[in-house]
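Working through the structure, step by step
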Amino acid sequence: MKVAIGSDHGGYHLKETIKAMLVERNIDVTDFGTHSTESTDYPDYARQVAESVRDGNHDRGILICGTGIGMSIMANKVRGIRAALCTSRQMAELSRQHNNANVLCLGERILEKHVALDIVEAWFTAEFEGGRHERRVNKMMAYETNP
Ligand code: RB5
C-alpha cells in the first residue's frame, strides 16, 4: 500500500511520529510536508495529498493539522476523496467499514500521541464492508458528478 502524508505546522510533530510508525511497518509513505514548525497554510498540504490519492498515485492519505478540521474540509473538496476526521479508534474503524474513507484526518492539538497512533493502526486494519454501505457511498460519489 502506498500512503501520502501531509501536515501544516500544527500537525508537524504528529506527522513525523506517524511517518516513523508507517516506515517501521514497511508501508510505502510519501511525505508532502510541511518539514518544520514554521507557520504554513493547511489547504496547500491537504490539496497535494488528496489530489495524489484522487490520481491513484497513492492508495490512502493522512492529513494532520491542529484540529484536523481544516484538513478535512479541504480534502473533501477534491473529487473522489472521502476524508474522515477521527478522534477515536471506533471512528477510525467505522470510517473504513462504513464510509470507505480514503483519507484520515487527525488533530495534533486534540489527540494524545498514543491515541493518534491507535487510530492510525485501526484505520489500516479495518476493511470496507460493502453491501448497504456501498450503496450509500455510491450516492455520495454520484453527487460529485451530478449535484
Ligand atoms: C493553525 O493554527 C490551525 O488553524 C490549523 O492547524 C488547523 O487546526 C485548522 O483547522
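Notes on the structure in this doc start here. Remember, predicted model here, so these are calculated numbers, not experimental data. (Residues numbered from 1 in each chain as written. Predicted model: local features only at pLDDT ≥ 70, side-chain atom pairs only at ≥ 80, totals over all residues. Heavy atoms only, no water.)

What follows covers the overall build of the chain. When you go through the chain residue by residue, the secondary structure sums to 6 helices and 5 strands. Expected size for 147 residues packed as a compact globule is a radius of gyration near 15 Å; at 14 Å, the chain falls within 12% of this value. Principal axes of the C-alpha set define a box for the chain whose edges measure 40 × 25 × 25 Å. Taking all 147 residues of the chain together, the buried fraction comes to 44%. Of all intrachain contacts in the chain linking residues separated by at least 6 positions in sequence, the fraction that spans at least 24 positions is 69%. For the chain, the accessible area works out to roughly 7,600 Å², and carbon and sulfur atoms hold 46% of it. When the 18 basic and 20 acidic side-chain charges of the chain are each reduced to a single mean position, those positions are 7 Å apart. (Helix = DSSP H or I, 4+ residues; strand = E, 2+ residues; numbered from the N terminus. Rg over C-alpha atoms; globule rule 2.2 N^0.38 Å. Buried < 20%, exposed > 50% of the residue type's maximum accessible area, 1.4 Å probe, protein only. Contact = heavy atoms within 4.5 Å. Areas by Shrake-Rupley, 256 points an atom, 1.4 Å probe, with all protein chains shown as cover. Lys, Arg positive; Asp, Glu negative; His and termini not counted. Charge placed at Lys NZ, Arg CZ, Asp CG, Glu CD.)

Around the ligand sit Asp8, His9, Tyr42, Cys65, Gly66, Thr67, Ile69, Gly70 and Arg109, and those are all the residues in its vicinity. Measuring from an oxygen atom of the ligand, one finds a backbone N or O atom of Gly70 at 2.8 Å. Arg109 has a polar side-chain atom sitting 3.4 Å from an oxygen atom of the ligand. Expressed as a share of its isolated accessible area of 290 Å², the protein-covered part of the ligand is 72%. (Near = heavy atom within 4 Å. Polar contact = N/O pair within 3.5 Å; in protein donor to acceptor, adjacent residues only side chain to side chain.)

The next subject is the pattern of salt bridges. If you walk through the whole model with that rule in mind, you get 9 salt bridges. One salt bridge in this structure joins Glu121 and Arg89, with 3.3 Å as the shortest N-O distance. With Glu121 in helix H5 (residues 113-125) and Arg89 in helix H4 (residues 89-97), this residue pair connects regions lying 32 residues apart in the sequence. By relative accessible area, Arg89 is classed as partly exposed at 31%. Residues joined in a network through salt bridges with shared partners are Lys15, Glu16, Lys19 and Asp31. (Salt bridge = Lys/Arg side-chain N within 4 Å of Asp/Glu carboxyl O.)

Of all the 6 residues making up strand S1 (residues 2-7), 5 are buried; the element is thus mostly covered by neighbouring parts of the structure. Taken together, the 4 bridges between S1 and strand S2 (residues 28-31) define a ladder with parallel strand orientation. What sits directly across from Lys2, in S2, is Asp28. Since S1 and S2 lie parallel, the crossover through helix H1 (residues 12-24) that links them has a hand, and here it is right-handed. In this structure, S1 lies alongside strand S3 (residues 60-65), joined through 5 bridges in parallel fashion. Counted as the bridge partner of Gly6 is Leu63 from S3. (Pairing = 2+ DSSP bridges. Right-handed = clockwise from strand over helix to strand, strands pointing away.)

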